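Okay, here's what each chain looks like letter by letter:
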Amino acid sequence: MISQSMKPLVNGNSAVRVMFEEGNRLAKLYGRENVYDFSLGNPNVPAPDCVNQAIIDVLKEEDSVMVHGYMSNAGFSDTREAVASSLNRRFGTSFGERNILMISGAADGLNAVFKSILDPGDEVVTFAPYFLEYKNYVGNYGGVLVEVAPDTTTFQPDLDGLRAKITEKTRGVLINNPHNPTGVVYSEETIRGMAAVMKEKEKEYGHAIYLISDEPYRELVYDGAKVPFVTKYYEDTIVVYSFSKSLSLPGERIGYVVIPDEADDAESLFTAATIANRVLGHVNAPSLMQRMLIRCIDAEVNLEAYDKNRKLLYEGLTECGFTCVKPEGAFYLFVKSPVEDENQFCEAAKKYNILFVPGRSFACPGYVRIAYCVSYDTIKNSLPGFRRLAEEYHLTK
Ligand code: PLP
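Residues numbered from 1 in each chain as written. Predicted model: local features only at pLDDT ≥ 70, side-chain atom pairs only at ≥ 80, totals over all residues. Heavy atoms only, no water.

I tried to follow the overall build of the chain on my own but got confused; where do I start?
Of regular secondary structure, the chain possesses 15 helices and twelve strands. At 21 Å, the chain has a C-alpha radius of gyration in line with the 21 Å of a compact globule built from 397 residues. Expressed as lengths along the three principal axes of its C-alpha atoms, the size of the chain is roughly 60 × 55 × 50 Å. Counting the 397 residues in the chain, one finds 57% classified as buried. Counted over contacts in the chain with a minimum sequence separation of 6, partners at least 24 positions apart contribute 74%. Accessible surface for the chain amounts to roughly 16,900 Å². Of this, 50% is attributable to carbon and sulfur atoms. On the chain, the mean spot of the 41 positive side-chain charges and the mean spot of the 53 negative ones are 4 Å from each other. (Helix = DSSP H or I, 4+ residues; strand = E, 2+ residues; numbered from the N terminus. Rg over C-alpha atoms; globule rule 2.2 N^0.38 Å. Buried < 20%, exposed > 50% of the residue type's maximum accessible area, 1.4 Å probe, protein only. Contact = heavy atoms within 4.5 Å. Areas by Shrake-Rupley, 256 points an atom, 1.4 Å probe, with all protein chains shown as cover. Lys, Arg positive; Asp, Glu negative; His and termini not counted. Charge placed at Lys NZ, Arg CZ, Asp CG, Glu CD.)

Sorry, what's going on with the layout of surface pockets here?
Any empty space left between the atoms is revealed when a probe the size of a water molecule rolls over them. Of the pockets and cavities examined, the largest pocket occupies roughly 1,000 Å³. Around the largest pocket, the lining comprises 36 residues; the ones closest to its centre are Ser14, Arg17, Phe131, Glu133 and Tyr137. Taken together, the elements giving at least two residues each to the lining of the largest pocket come down to helix 1 (7–11), helix 2 (15–30), helix 6 (105–117), helix 7 (133–139) and helix 10 (243–246). Looking at side-chain class alone, the lining of the largest pocket contains 18 nonpolar, eleven polar and seven charged residues. In this structure, the second largest pocket encloses a volume near 520 Å³. (1 Å grid on protein atoms, 1.4 Å probe; cavity = no way out; pocket = protein on both sides within 12 Å on 5 of 7 lines; lining within 4 Å. Points joined across faces, edges and corners; volume = space filled by probe spheres on them. Nonpolar A, V, L, I, M, F, W, Y, C, P; charged D, E, K, R; others polar.)

Just to check I follow, could you spell out the site of the ligand for this structure?
Near the ligand, the surroundings consist of 14 residues, among which Ala106, Asp214, Tyr217, Ser242 and Arg253 are the closest. One of the backbone nitrogen or oxygen atoms of Ala106 is found 2.7 Å away from an oxygen atom of the ligand. A distance of 2.9 Å separates an oxygen atom of the ligand from a polar atom in the backbone of Ala107. Calculation on the ligand without its partners gives an accessible area of 400 Å², and the protein chains cover 91% of this total. For the ligand, the cavity whose grid points lie within 2 Å of the majority of its atoms is the largest pocket. Residue assignment for the shell around the ligand shows that the elements contributing at least two residues are helix 6 and helix 10. Take the shell around the ligand: its biggest share by element is three residues, from helix 6. The residue makeup of the shell around the ligand, split by class, is six nonpolar, five polar and three charged. (Near = heavy atom within 4 Å. Polar contact = N/O pair within 3.5 Å; in protein donor to acceptor, adjacent residues only side chain to side chain. Sits in = over half its atoms within 2 Å of the grid points.)

Explanation requested: the nonpolar core in the structure shown.
What tends to happen in soluble globular proteins is that the nonpolar side chains get buried as a cluster. Grouped together as the largest cluster of nonpolar side chains are 99 residues, with contacts concentrated most on Val173, Phe356, Ile370 and Phe386. Per-element tally for this core: the top contributor is helix 13 (residues 303–320), with six residues. Look past the residues within four positions of Phe356 in its chain and what remains in contact with it is Met19, Phe38, Phe345, Cys346, Ala349, Val368, Arg369, Ile370 and Phe386. (Core = buried A, V, L, I, M, F, W, Y, C linked by side-chain atoms within 4.5 Å.)

I keep staring at empty space enclosed by the protein and nothing clicks. Help me out?
Here the structure, examined in full by the defined rule, presents two cavities of 30 Å³ or more. In this structure, the largest cavity occupies an estimated 60 Å³ of space. Here the lining of the largest cavity is composed, by residue class, of nine nonpolar, two polar and two charged. Of the voids in this model, the second largest cavity is the one considered here, and its volume is about 30 Å³.

Sorry, what's going on with the state of the cysteines here?
Simply put, the disulfide is a covalent bond whose two ends are the sulfur atoms of two cysteines. Applying the stated criterion to the full structure yields zero disulfides. As a non-bridged cysteine, Cys364 has Cys324 as the owner of its nearest cysteine sulfur, 13 Å distant. Residue classification places Cys364 among the buried residues on the basis of a relative accessible area of 2%. Cys373 takes part in no disulfide bond, and the closest cysteine sulfur, belonging to Cys324, lies 15 Å away. Classification of Cys373 by relative accessible area gives buried; the value is 4%. (Disulfide = S-S within 2.5 Å.)

In structure tokens, the structure reads:
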């Protein structure tokens, strides 16, 4: 018999995954090229060549026992040093190995952080819409995820809403920048404002409130948008980074957590997160990926491909009369549903073999998420279907 705590998760399986399976079903019926599956955030741009080459070189050139062996739970020293130096070069920080914990992707990093800072009943505040797994990650440790309602005109965080939701029990504020599912990038001004509210609340309650910044999309930005490096604005910051999207390696499970010296109880927090990573069953981040990173820490994926997709889809949909905030980052469009119940809109789109995900899967009903990490042709060939959908809802101008 399965545990009581797993039952709601089994019954409420992810809508993103359900849509993905639906895509596979339709592909069998109509052929893969005739199905326009915008459901999953799985990068379609390949990992940079230097990443694949580095993996081959590590296997050829490095000691096989070491490459495949256990290492310190926090990761290889030289990998952590390489990550720290890269951040210092790019953001003018002064991190060392002591600040960097290697993890198996952002999902692992967030879990290690929440296990380290939460006791049952503690709260973490986040802004709707949000990646729905956050609820599970916080719930894993008896924590409660508290939502700030969305500002649907900009999808920037509502700072008055944040002020109202922080209580004596708040241990952290969780943000995601650039943002899934809206594609917005939180500006420097926003981060400064958020830091001011959090400092005020730390003073009021007399304990640290960590700003946890989940940044798997940090490198995926367009039109010259800048993602502020949050440790510079607020001392009690923890950054969770992943190479899943930035190097197109989601199956490899590699990323890092940054815990700056200035963060409250930094040393104990680092030790706790390292042990949490171990006892959660990850033991250490994948070794081969850590060795690869030393050789190509500053590698970049072909952003141009995502940017072309973004422009084609955004222009295609807005020309038909759909509305959405123009995304500046990640690879998602968050489009207003033409009917209140966006599930109906998702169902209507299936007639044209178009699949996307209801906004309620991100705690924001009335919208849908369209992931454009697909081929350019998929977007181009889907546009006539989107136009017919728009006509059905009398949106066309
Ligand atoms: N956070 C956000 C906002 C995401 O969109 C995702 C994956 O889609 C994750 C975390 C998990 O990323 P990872 O594959 O690094 O665990």
